[in-house]
Amino acid sequence: MIKQTCPLLLGSASPRRSEILSSLGLPFVVLPSPIVEDVEPGERPLAYLERIALAKLRAVWSRLEREGPPPGAPGGVAAVLVADTIVVVEESIVGKPVDIADARATLARLVGRRHTVFTRYLVGRPARGSDGTTDIFAARTVQTFVKLRNATPAEVSAYADTGEGLDKAGAYAAQGIGAFLVEGVEGSYSNVVGLPACELITDLRQSGLLDVFPGAAVEL
């Protein structure tokens, strides 16, 4: 059960995911464990998400077992939460830009059309034993459609130059300056930011990790 002395562990260095959990009032600590996130030849977007999310969960749990829980979890952690978010156009994953020029090219591909944002999250921990099995309390892939308006090349270039999208899939931040490009969102907005809040709370409740919400575990 998630509580102040036994919080959720967020296995991600993403400040957006931390902000979403903080806005929900959930007690959590952060312990990321980076992995190689390259797309394998011929790998489909949803298969990629499933593989990467599971790899993140195992990597974070391994680090937790080696180092112990970070400060703020005197009673250990209730479970590990990991997530990965991708932007998809025509069944192709649009990754994070490598530089400003790549950000411009990425945005030029997205403006004036609709694309899909997928986030897959897992809540769980590897099972005891050496067979590599995993106890998953919650697993879900959430889909949101986003339409970027038909911005001018000058607008695209000026936004790319801000650098805001350099660490973000699709090269834009819907919660930041990039909001001026977002014409419409169909589905979970927080999913576009990096973590679908409604679905996550539902799954935490159903898995027994949260008793009531809002409730005793919430700190506001």
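Residues numbered from 1 in each chain as written. Predicted model: local features only at pLDDT ≥ 70, side-chain atom pairs only at ≥ 80, totals over all residues. Heavy atoms only, no water.

J.: Give a description of unusual backbone geometry that names residues and reports values.
T.: A cis geometry characterises the amide bond from F213 onward to P214, with omega recorded as -10°. Counting through the fold element by element, P214 comes out in the segment after α6 (197-206). Backbone geometry places E90, a non-glycine residue, at a positive phi of 50°. Examined against the element boundaries, E90 turns out to sit in the loop between β3 (79-89) and β4 (92-94). Judged by relative accessible area, which is 65%, E90 ranks as exposed. Even without being a glycine, A171 presents a positive backbone phi close to 70°. Tracing the backbone through its elements, the reader meets A171 in the loop between α4 (153-162) and β7 (182-186). Look at A171 and you get buried, because its relative accessible area is 2%. (Helix = DSSP H or I, 4+ residues; strand = E, 2+ residues; numbered from the N terminus. Buried < 20%, exposed > 50% of the residue type's maximum accessible area, 1.4 Å probe, protein only.)

J.: Describe in detail the environment of E91, supporting the description with residues and values.
T.: Turning to its location among the elements, E91 is positioned in the loop between β3 and β4. Distance from E91 to H115, taken between C-alpha atoms, is 9.8 Å for residues 24 residues apart in sequence. The contacts of E91, once residues within four sequence positions are left out, are R44 and P45. (Contact = heavy atoms within 4.5 Å.)

J.: Summarise the packing of helix α3 (residues 100-110) against α4; cite the residues concerned and give the values.
T.: Where α3 meets α4, the axes come as close as 9 Å, and the angle between the chain directions of the two elements is 135°. Relative to α4, the element α3 is oriented oblique. α3 and α4 meet at a crossing whose hand is right-handed. On α4, the residues that touch I100, A103, R104, L107 and A108 of α3 are V156, S157, Y159, A160 and D161. (Axes fitted to C-alpha atoms, helices over the stretch in contact; angles between N-to-C directions. Parallel < 35°, antiparallel > 145°, perpendicular 65-115°, else oblique. Left-handed = near helix turned anticlockwise from the far one by under 90°.)

J.: Give a detailed account of α3, specifying residues and quantitative values.
T.: Of all the positions in α3, only A103, T106, L107 and L110 are classed as buried. The buried residues of α3 all sit within an arc of 95° when viewed along its axis, so they share a single face. Here α3 starts with a cap whose side-chain oxygen sits 3.3 Å from the backbone nitrogen of A101, and that cap is D99. G112 occupies a position one or two residues after α3 and carries a positive phi of about 80°. (Arc of directions from axis to C-beta. Polar contact = N/O pair within 3.5 Å; in protein donor to acceptor, adjacent residues only side chain to side chain.)

J.: Quick rundown of the packing of aromatic side chains? Include the residues and the values.
T.: The tally for this structure, following the rule as stated, stands at 1 aromatic pair. Look at Y159 and F180: their rings are 5.9 Å apart centre to centre, the planes differ by 65°, and that puts the pair in the edge-to-face class. Taken together, the positions of Y159 in helix α4 and F180 in the loop between α4 and β7 put the pair 21 residues apart, joining distant regions of the chain. Look at Y159 and you get buried, because its relative accessible area is 3%. Assessed through its relative accessible area of 34%, F180 is described here as partly exposed. Over the aromatic face of F145 sits the side chain of R114, whose NZ or CZ is 4.0 Å from the ring centroid. (Phe/Tyr/Trp six-rings, centres within 6.5 Å; stacked < 30°, edge-to-face > 60°. Lys NZ or Arg CZ within 6 Å of the ring centre and 35° of its normal.)

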